[in-house]
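Overview (structure and organization)
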Amino acid sequence: QVQLVESGGGLVQAGGSLRLSCAASGRTFSSYTMGWFRQAPGKEREFVAAITWSGGRTYYADSVKGRFTISTDNPKNTVYLQMNSLKPEDTAVYYCAARPRPYLTRYASDFDSWGQGTQVTVSS
């Protein structure tokens, strides 16, 4: 069973940076796609970024392109989301997700394992 544990959220001022981590366990992830999603209060969960564990191909939502970077540390089985130039509209609970296929996607329904989420709050 896949387990995903996020960390690294917190409160930051607009223009600041945070790095989220997602520690993955329970499987060999070489054929997986990993994703980050976020959900703000009263809004639907939205795609942020995805990466194939093998090959490191990436895909970003337009709203974060150029500001956020998704990456993996394969020996540590950890996925990162480096978030720079943060804006108040980036405030949300951020979730890590895993998909047991090596194909990029933006759809939450394509991911079958989820972490518990970590809160990111950006003050203006």
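Every chain begins its residue count from 1, and numbering advances along the sequence as written. Residues qualify for local features only when their pLDDT is at least 70, as the model is predicted, and side-chain atom pairs are given and counted only at 80 or more; totals for whole chains, interfaces and linings, by contrast, use all residues. Note: side-chain values were computed over all heavy atoms of the structure, leaving out hydrogens and water.

**Brief notes about the overall build of the protein**
- Strands here mean DSSP runs of E at least two residues long; helices mean DSSP runs of H or I at least four residues long; both are numbered from the N terminus. Check the secondary structure of the protein and you find zero helices and eleven strands.
- In the protein, the succession of helices and strands from N to C terminus is β-β-β-β-β-β-β-β-β-β-β.
- In this setup the radius of gyration rests on C-alpha atoms only. A globule is expected at 2.2 Å times the number of residues raised to 0.38. A globule of 124 residues ought to have a C-alpha radius of gyration of about 14 Å, and the protein, at 13 Å, matches this closely.
- Seen along its three principal axes, the alpha-carbon backbone of the protein occupies a region of about 40 × 30 × 25 Å.
- Burial status across the protein gives 44% buried among its 124 residues.
- Pairs of residues are marked as contacts when any of their non-hydrogen atoms sit within 4.5 Å. Pairs at least 24 residues apart make up 60% of the contacts formed inside the protein by residues separated by at least 6 positions.
- Here, Shrake-Rupley sampling with a 1.4 Å probe gives the accessible areas, and only protein chains in the shown set may cover a residue. Surface accessibility of the protein: about 6300 Å² in total, with carbon and sulfur atoms responsible for 45%. Three exposure classes are used, based on accessible area relative to the maximum for each residue type with a 1.4 Å probe and protein chains only: buried under 20%, partly exposed in between, and exposed over 50%.

**So, the environment of Ile70**
- Note on placement: Ile70 falls in strand S7 (residues 68-73).
- On a C-alpha basis, the gap between Ile70 and Tyr59 in space is 8.7 Å, while along the polypeptide they are eleven residues apart.

**Some details on the packing of aromatic side chains**
- Whether two aromatic rings pair depends on their centres lying within 6.5 Å, for rings of Phe, Tyr and Trp, where Trp uses its six-membered ring; planes under 30 degrees apart make the pair stacked, over 60 edge-to-face, and the rest tilted. Counted by the stated rule, this structure contains seven aromatic pairs.
- Summarising the aromatic geometry, the rings of Phe29 and Trp53 are spaced 5.3 Å apart at their centres and angled 25° between planes, so their arrangement reads as stacked. In this pair, Phe29 sits in the loop between strand S3 (18-25) and strand S4 (33-39) while Trp53 sits in the loop between strand S5 (46-52) and strand S6 (58-60), placing the two residues 24 residues apart along the sequence. In terms of burial, Phe29 and Trp53 fall into one category: buried.
- Members of the aromatic cluster, joined through ring pairs, are Phe37, Phe47, Tyr59, Phe111 and Trp114.
- Charges are assigned to positions over rings by a cutoff of 6 Å between ring centre and Lys NZ or Arg CZ, combined with an angular limit of 35 degrees from the ring normal. If you follow Arg19 out to its NZ or CZ, it ends over the ring of Tyr80, 4.1 Å from the centre.
- Above the plane of the ring of Tyr95 lies Arg45, whose end atom (NZ or CZ) is 3.9 Å from the centre.

**A few points about the state of the cysteines**
- The disulfide definition used here is simple: a pair of cysteine sulfur atoms within 2.5 Å. In the structure shown here, the tally under the stated rule is one disulfide.
- With its sulfur 2.1 Å from that of its partner, Cys22 forms a disulfide with Cys96. Between Cys22 and Cys96, the S-S dihedral sits near -75°, and the bridge is therefore left-handed. Residue Cys22 is located in strand S3, and its partner Cys96 is located in strand S9 (residues 92-99); the two are separated by 74 residues in the primary sequence.
- Take Cys22: its relative accessible area is 0%, and that puts it in the buried class.

**Things to note about the pairing of S9**
- Judged by how many residues are buried, S9 sits mostly within the fold: seven of eight residues are covered.
- DSSP calls a pair of strands paired once it identifies at least 2 bridges connecting them. When S4 meets S9, the two strands line up antiparallel, connected through seven bridges. The residue of S9 that forms the bridge with Thr33 is Arg99.
- The pairing of S9 with strand S11 (residues 118-123) spans three bridges and is antiparallel. Each residue of the ladder has a partner; that of Ala92, found in S11, is Val120.

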